[in-house]
Amino acid sequence: MKAAVITFPGSNCDRDLAVAFAHAGFDVLRVWHKDTALPAGVDVVGVPGGFSFGDYLRCGAIAAQSPIASAVRQHAGKGGYVLGICNGFQVITEMGLLPGALMRNAGLKFICKSVDLIVASAASPFTSAYGQGQRIALPIAHHDGNYTIDAEGLARLQAEDRIALRYAANPNGSMGDIAGVLSENRRVLGMMPHPERAVDVAIGSTDGAGVFASILGEMALA
Amino acid sequence: MKARVTVMLKAGVLDVQGEAVRHALGSLGFAGVNGVRQGKVIELDLAETDAAKARAAVTAMCDKLLANVVIESYQIEFV
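Structural notes, computed from the coordinates. (Residues numbered from 1 in each chain as written. Chains lettered and ligands numbered in written order. Predicted model: local features only at pLDDT ≥ 70, side-chain atom pairs only at ≥ 80, totals over all residues.)

Membership of the largest hydrophobic core comes to 71 residues, with the highest contact counts inside it found for Phe21(A), Val82(A) and Ile92(A). At five residues, helix α1 (residues 14–24) of chain A tops the list of elements feeding residues into this core. Ranked by size, the runner-up nonpolar core spans six residues in total, among them Ala3(B), Val58(B), Leu66(B) and Tyr74(B). (Core = buried A, V, L, I, M, F, W, Y, C linked by C-beta atoms within 7 Å. Buried ≥ 20, exposed ≤ 12 C-beta atoms within 10 Å, placed from the backbone. Helix = DSSP H or I, 4+ residues; strand = E, 2+ residues; numbered from the N terminus.)

The following block contains the structure:
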């Protein structure tokens, strides 16, 4: 199984994400934002956290227009898997792969801490290794994680069971306590918490490993 | 030709930064500020000299990059 991890200028979780994929058993290929195509045979694209293009204009806005973006859109359009974490969630939302937008945290502060999450839908390729309703703890580290969507869009996400993760105690003002949201075909997940920072007992937690194990398990079935 | 684009959060989208500014003004003693909305102004220096073409081009720029139309609205003026 092949995972591609994209690096933008200002990405800072790209290596961690590559290590997390490798740790789970993926062959990992690193892709530069100026590349115009993904390597052949890529199953899942990881869009990492960080501060792509210095968060200029809006978080993720410039990265979403970079040369690799159209290849990522095509990959998603063909039913390929895409995992966007933190700034990666902002990037793929700006790309239009997910509805809504990520705004400044309601408390206006950058928040860097471990938070409790509830697996609101285990029926996804990214969360199937967890139990429905399972409580896990993952680190968050963001200034703009306040997920915002219109009432109709929120109702649709709920009706279609597309809220993969919710905060147990909302840290940033996100509508519906949303921490992670799925695309219509469930093959794109954007999430603000960092599972790649919780895949090794040596760094304190393995609660995030299930995300990568889920994707691998999904592909083994496919 | 120069264009000035004003990008604001849409009405109904909570502007947490504007609210923080409103509170700060209140604590400085500026009474009666009922609301603050914060946005951004982007100035473009364009090679285009035809007004209609320039407006079409800047509109495309706004829709594609300068504004996130999910949460923001924009106004274009030529100066």
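Anyway, onward from the coordinates.
With that out of the way, let us pick up the packing of α1(A) against helix α5 (residues 209–221) of chain A. Residues and elements named next belong to chain A. Two numbers describe how α1 lies on α5: the axes approach to 9 Å, and their chain directions differ by 55 degrees. For the element pair α1 / α5, the angle class is oblique. The element α1 and its partner α5 pack so that their crossing is right-handed. Contacts from Ala20, Phe21 and Ala24 in α1 reach Ala209, Phe212, Ala213 and Leu216 in α5. Across the contact of α1 with α5, the residue classes break down as seven nonpolar, no polar and no charged. (Axes fitted to C-alpha atoms, helices over the stretch in contact; angles between N-to-C directions. Parallel < 35°, antiparallel > 145°, perpendicular 65-115°, else oblique. Left-handed = near helix turned anticlockwise from the far one by under 90°. Contact = placed C-beta atoms within 7 Å. Nonpolar A, V, L, I, M, F, W, Y, C, P; charged D, E, K, R; others polar.)

This part covers the environment of His143(A). Residue and element names in this part refer to chain A. Relative to the elements of secondary structure, His143 occurs in the loop between β7 (135–142) and β8 (146–148). When the C-alpha positions of His143 and Ala123 are compared, they lie 29 Å apart, and in sequence the two are 20 residues distant. Look past the residues within four positions of His143 in its chain and what remains in contact with it is Arg104, Asn105 and Phe110.

As a further point, take the sheet that holds strand β11 (residues 188–191) of chain A. Residues and elements named next belong to chain A. Ordered by their spatial adjacency, nine strands build an open sheet running β2-β1-β3-β4-β11-β10-β9-β6-β7, and the pairing between neighbours is mixed. Among the strands making up the open sheet, the edge pair consists of β2 (27–32) and β7. Averaged over all neighbouring strand pairs, the angle between strand axes comes to 20 degrees, with direction disregarded. Direction of pairing for strand β6 (residues 111–119) relative to β7: antiparallel, over a ladder of eight bridges. By the bridge assignment, Asp116 is partnered in β7 with Ala137. (Pairing = 2+ DSSP bridges.)

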